[in-house]
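In case you want the letters, here they are:
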Amino acid sequence: MRYSIYGFSNYLPVVINLLMFFIFTRFDLEKKLPAMRQEVAERKAAKQK
């Protein structure tokens, strides 16, 4: 009983936070944002013609 309480209150949040950290470091919007904005602008320009 105690180990499950310790696991859910201490270890599980640490594991989840580490997992989220690695996911967020792989998905970097700062690098992709200019290309995404350019693509949206091109779609809008093509739609208006």
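Let me sum up the structure you'll find in this document.

Cut-offs applied
Residues numbered from 1 in each chain as written. Predicted model: local features only at pLDDT ≥ 70, side-chain atom pairs only at ≥ 80, totals over all residues. Heavy atoms only, no water. Phe/Tyr/Trp six-rings, centres within 6.5 Å; stacked < 30°, edge-to-face > 60°. Buried < 20%, exposed > 50% of the residue type's maximum accessible area, 1.4 Å probe, protein only. Helix = DSSP H or I, 4+ residues; strand = E, 2+ residues; numbered from the N terminus. Polar contact = N/O pair within 3.5 Å; in protein donor to acceptor, adjacent residues only side chain to side chain. Expected span 1.5 Å × (residues − 1).

To continue, consider the packing of aromatic side chains. Applying the stated criterion to the full structure yields 1 aromatic pair. For the ring pair Phe 21 and Phe 22, a centre distance of 5.7 Å and an interplane angle of 65° mean the geometry is edge-to-face. Summarising the burial analysis for this pair, Phe 21 and Phe 22 share the class exposed.

As a further point, take the environment of Ser 9. On the secondary structure map, Ser 9 appears in helix α1 (residues 2–26). Among the polar contacts listed, one links the side chain of Ser 9 to the backbone oxygen of Ile 5, at a separation of 2.7 Å.

Let us now look at helix α2 (residues 29–48). Taking 1.5 Å as the rise per residue, α2 with 20 residues should run 28 Å; its terminal C-alpha atoms sit 27 Å apart, in good agreement. With 0 of 20 residues buried, α2 lies mostly on the surface of the structure.

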